[in-house]
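Per-entry structural report
These are the residues of each chain, in order.
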Amino acid sequence: MLDSPLSNYFRLTEKQLKILGKFGLNTVRDLLWHFPSRYEGFAGKKAIVNLVPNERASIHARVIKTEAKKTFRKRIKIASATVSDETGSLEITWFNQPYMASILKAGEDYTFTGTIKQNKLGKFSMQNPVFEKGVVEANDMGALIPIYPETRGLTSRWLRFAAKRILDHLEAEPPLGGSASLKEPIPEDILKKYNLPSLRIALREIHFPRDLKWAGAARKRFAFEEIFIIQLLRQSWRKEREEHQSFLIKISKKELDNFTKTLPFSMTGAQAKAINHILEDISGQKPMSRLLEGDVGSGKTIVALIASLAAIQNGFQVAYMAPTEVLARQHFEEFIRRLGPPASGANIKIGLATSSEFLKYPSKAFAGRPTHIARAPLLKWLASGEIQIIIGTHSLIQKKIKFKDLALVIIDEQHRFGINQRLKLTQKNSERVPHLLSMTATPIPRTLALTVYGDLDLTLLDEMPKGRKQIITEIVSQERRAEAYEHIRREISSGRQAYVLCPRIEDTDDLMRAVKREYKTLSEKIFLEFKVAMLHGKMLPKDKEKVMKQFREGQIDLLVATSVIEVGVDVPNATVIMIEGAERFGLAQLHQLRGRVMRSEYQSYCFLFTESDSQKTAARLKALTEAKSGFELAEYDLELRGAGELTGKQQWGISDVAMEALKNIKMVEAAREEAKKIIETNSLEKYPELSSRVIAQSKQLHFE
Ligand code: ADP
Ligand code: MG
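Residues numbered from 1 in each chain as written. Chains lettered and ligands numbered in written order. Predicted model: local features only at pLDDT ≥ 70, side-chain atom pairs only at ≥ 80, totals over all residues. Heavy atoms only, no water.

1. Remarks on helix α13 (residues 375-384)
- When α13 is considered as a whole, its buried residues turn out to be Leu378, Leu379 and Leu382. Taken down its axis, α13 places every buried residue within 95° of arc, on the same side. With respect to the buried face of α13, the exposed residues turned more than 90 degrees away are Ala376 and Lys380.
- Where α13 is buried, its residues meet β9 (317-321), β10 (350-353), β11 (358-361) and β13 (389-392). (Buried < 20%, exposed > 50% of the residue type's maximum accessible area, 1.4 Å probe, protein only. Helix = DSSP H or I, 4+ residues; strand = E, 2+ residues; numbered from the N terminus. Arc of directions from axis to C-beta. Contact = heavy atoms within 4.5 Å.)

Structure representation (structure tokens):
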């Protein structure tokens, strides 16, 4: 029954079906799992004449007339209705729900429940009430009315009716036996241990709760279930990997010291600790699965580089995958700089593979510089082991690429890759699986990390290299634009460099600043004395690289760019970033962007411009000016907005209910522990329903 289309149970018009489809509500299951976002209680029933300002009340009244209009100043859509009972009449208003005016029918009776407001003139009104047709007593609906997430053209009222009908239907089925539609996936002892309601009860209570406590318990159960299933899958991946042997990689302390001596800086404590963890992991038979999570600029690359050095010293190969060509190229150059002679004497052979070019270092023709090579020799040299470290974009996962002894896979900015892409690269070797080092700067709350990275061990780089100053972030009003430009002028004049970030490449409308136009304005009108250049995703790779090279070498003072520079770009001399249309970027992205200028001892600045005057935007951007680290920002976002744009629920494939639950570390840890137990004892098969849910989850990820 759960998988049958809704049209089997409801008479639906084409239009209704289309709207339902738009919200992903196609089957009975979709509808049952479309949970209310909140509940409203019926309040004491009152006659209109007895209403009191700022009090919730229910009234039974007849609609006299309805109207839809817009407020003058803010252009908010308003629906209003005049209603009356025997004792008087009352105005009812809905903000931003203009369709309410067409739902209510003049001359018909309804029960409205909401809060009474009094305006300056003393007039009463009821705002955004819930309502039911006819005269409804509290007991008819249960004490609480579910309110579903705002869905245009689909009322909470209809969803309520539909959910009730289906639940009644399900409850009429025999509770036990193979034919029951609702199968409990969570093992019974776990339900008992954590005091979670069964699936059947939870479904009823999440839609039509007895009270808020029951509603909460039901939500908790669904959140637990979801996190539990994610954990089961992650733990099973982990187990699968651990059943394979990996490569023994050893490096002596002396070798390590010899190398670190060549660096222009000494490691932070956090870096040293991370390196120790990694070296210990890779010196064992079991494949390492480690996530290195460190704020932008915390120095992850050098940690990866040292792990790579260890691998090649043992005669193995390394693959280093980065999400963009610019970044791959930058890593390639850094590896040459740090590992190529004369720095290390290691005499290392490194390749670069992106979708547009292949390079090899060193080249025969010019010592100390890389040369372009064709694809065929690159493939040959990877297969023969001649190239020891290959750095590249996702082009590294092509089937054609074969390695001799790939012992270490490094994935930079791993959140930018699909799970599938990540898995593919670590499966490059048939008998032994390579060690995996994933890196990310996406500051995500700990509970989310435990969930979505449940198959990885976590190391935090929670310490910045010494001498870094706190960045100064400021939201700048349009009137003070000239001041911001002057600030940039001063920075560049004293030898620094700057970025101007725009959300788009081309103009689409007048409001949004685009790279091409800003480039023109800034180079021709504002910064005539400086070298200004632009960088965006539609440029040819070789042009992009040329611009990045010139910027890195200080020949370009000001770079007007899109968020192509978002990840990883490392030009320590740049100290100002000005971000246009900041409201169009997520908080994590903004934090990444400002990370471009937090890379030296110079004081750095981030100026945020926004075209939006909404309060929400203001609050969001303000968080950015106050948060000291990305992690703080992540926790903040989780606290304030639950699912949040920062983490992007699509990105993690987690529902709102589960995202909410991530605030509860105890629950996340419990789900993780229970999942671990089941996987470690190989007992998932004992629970057929659970097992099929885990398989479904895995299939879903592989189709991404
Ligand atoms: P991220 O963690 O964002 O990838 P990077 O690895 O790009 O950071 O490092 C940022 C900058 O800091 C680079 O210029 C790097 O050379 C430098 N750096 C790394 N570690 C240290 C350190 N311990 N002391 C000083 N500078 C460092
Ligand atoms: Mg990086």
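On we go from here.
2. Focus: the pattern of salt bridges
- Across all of its chains, the model carries 38 salt bridges by this definition.
- A salt bridge links arginine 221 to glutamate 184; the nearest nitrogen and oxygen atoms lie 2.9 Å apart. Pair noted here: arginine 221 is in helix α8 (residues 212-242) and glutamate 184 is in the loop between α5 (156-172) and α6 (188-193), with a separation of 37 residues, a long-range link.
- Among the residues examined, glutamate 184 registers a relative accessible area of 28% and is labelled partly exposed.
- The residue arginine 489 makes a salt bridge to glutamate 486 at a minimum N-O spacing of 3.2 Å. With arginine 489 and glutamate 486 both in helix α16 (residues 481-493), this residue pair falls three residues apart, about one helical turn. (Salt bridge = Lys/Arg side-chain N within 4 Å of Asp/Glu carboxyl O.)

3. Details of the domain arrangement of the protein
- Annotation of the protein at the domain level lists domain 1 (1-37 + 153-182), domain 2 (43-136), domain 3 (253-283 + 299-440) and domain 4 (472-627).
- When each unit is reduced to the centre of its C-alpha atoms, the spacing between domain 1 and domain 2 is 30 Å. (Domains from an automatic or database assignment.)

4. Quick notes on empty space enclosed by the protein
- Tallied over the full model, the rule gives two cavities of 30 Å³ or more.
- In this structure, the largest cavity encloses a volume near 70 Å³.
- In terms of lining residues, the largest cavity is bounded by Glu325, Val326, Arg329, Thr354, Glu357, Pro541, Lys544 and Glu545.
- For the lining of the largest cavity, the secondary structure elements donating two or more residues are α12 (325-339) and α18 (541-552).
- Here the residues of the lining of the largest cavity sort into two nonpolar, one polar and five charged.
- Domain assignment of the residues forming the lining of the largest cavity places at least three in each of domain 3 (253-283 + 299-440) and domain 4 (472-627).
- There is about 30 Å³ of room inside the second largest cavity.
- In terms of lining, the second largest cavity is formed by Leu167, Leu170, Glu171, Leu182 and Arg200.
- Among the elements that line the lining of the second largest cavity, the one with the most residues is α5, at three residues.
- Looking at side-chain class alone, the lining of the second largest cavity contains three nonpolar, no polar and two charged residues. (1 Å grid on protein atoms, 1.4 Å probe; cavity = no way out; pocket = protein on both sides within 12 Å on 5 of 7 lines; lining within 4 Å. Points joined across faces, edges and corners; volume = space filled by probe spheres on them. Nonpolar A, V, L, I, M, F, W, Y, C, P; charged D, E, K, R; others polar.)

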